[in-house]
Amino acid sequence: MRLRLTTAFLLALRRPPTPNLVARRAESVTTMPEAEVQNPSCISHVSVGTNDFDKACAFYDAVLAPLGCTRIASHAGVAVAYGKVFPEFWVNTPYDEKRATVGNGCHVAFFATSKAEVDAFHAAALKAGATDDGAPGPRAEYGPQFYGAYVRDLDGNKIEATFWDESAAGSA
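Residues numbered from 1 in each chain as written. Predicted model: local features only at pLDDT ≥ 70, side-chain atom pairs only at ≥ 80, totals over all residues. Heavy atoms only, no water.

Colleague: Help me understand the sheet that holds strand S1 (residues 46-49) in this model?
Modeller: One key point about sheets: their strands pair by backbone hydrogen bonds, in either a parallel or an antiparallel sense. One open sheet holds the four strands; their spatial order is S1-S4-S3-S2, and the pairing between them is mixed. The sheet terminates laterally at S1 and strand S2 (70-75), the two strands that pair on one side only. Going across the sheet, the axis of each strand differs from the next one's by a mean of 25°, ignoring polarity. Relative to strand S3 (residues 79-83), helix H3 (residues 53-64) is tilted by about 5°, and along the sheet it contacts S1, S2, S3 and strand S4 (89-92). (Pairing = 2+ DSSP bridges. Helix = DSSP H or I, 4+ residues; strand = E, 2+ residues; numbered from the N terminus. Axes fitted to C-alpha atoms, helices over the stretch in contact; angles between N-to-C directions. Contact = heavy atoms within 4.5 Å.)

Colleague: Where do I start with the side chain of arginine 139 in this structure?
Modeller: The residue arginine 139 is located in the loop between strand S6 (131-138) and strand S7 (146-152) in this model. Despite its burial, arginine 139 remains without a salt bridge, the nearest opposite charge being carried by glutamate 141 at 5.2 Å. From its side chain, arginine 139 meets the backbone oxygen of glycine 137 in a polar contact 2.8 Å long. Sequence-distant contacts of arginine 139, defined by excluding residues within four places in its chain, comprise Gly134, Phe146, Gly148, Ala149 and Tyr150. (Buried < 20%, exposed > 50% of the residue type's maximum accessible area, 1.4 Å probe, protein only. Lys, Arg positive; Asp, Glu negative; His and termini not counted. Salt bridge = Lys/Arg side-chain N within 4 Å of Asp/Glu carboxyl O. Polar contact = N/O pair within 3.5 Å; in protein donor to acceptor, adjacent residues only side chain to side chain.)

Structure representation (C-alpha cells):
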C-alpha cells in the first residue's frame, strides 16, 4: 500500500509544539527531547558539515525561518539542530575534525506549504549568501504538482524547498 501525502496531511505536521516540548528545548542539550507524538517521518535526521560553524548557523537561521523551522537543539560550537518539532536537520563540524566536503548527487529537501514559502526560502538563501542552483518554479519532470527551488549553501551543500500542489494534480 502506498501512502498519498496530501497538502492537508503535510499542513497537519506543522502544528505548533506543545508548551511542554517548548519548555524542554535548551540552548545546549546532550540528548534529544522526548517527543509527545510519534514523528511521522521515515528519516530520523540529516546532517550537513560546515567549515565555518557560526556563518553556517546564521545562514540556516535565515534560510529556514520562511519554512517555519527553528533551532531545536545545539551542542555548543559544534552542532545545531533545526526543525518544527523534532531535530531533523543538523549543521555540524565534522566529527573527525577534517574539512567538510560536499557529496555529489546528494541534497536535502525541506517541505514548504505554498509556492510563496518556496519563493521566500529561495530569496532568503540568496540574501544570506547562497548560490542559485535552480530558481523557484515547476519542474515538469517531477509532475504538475511539483514546485521547488534549489540553492547551494555556504559550504556547497545542495538544499531545496518544495511544495506539492494537489490542486495541480489534474493538469498535465
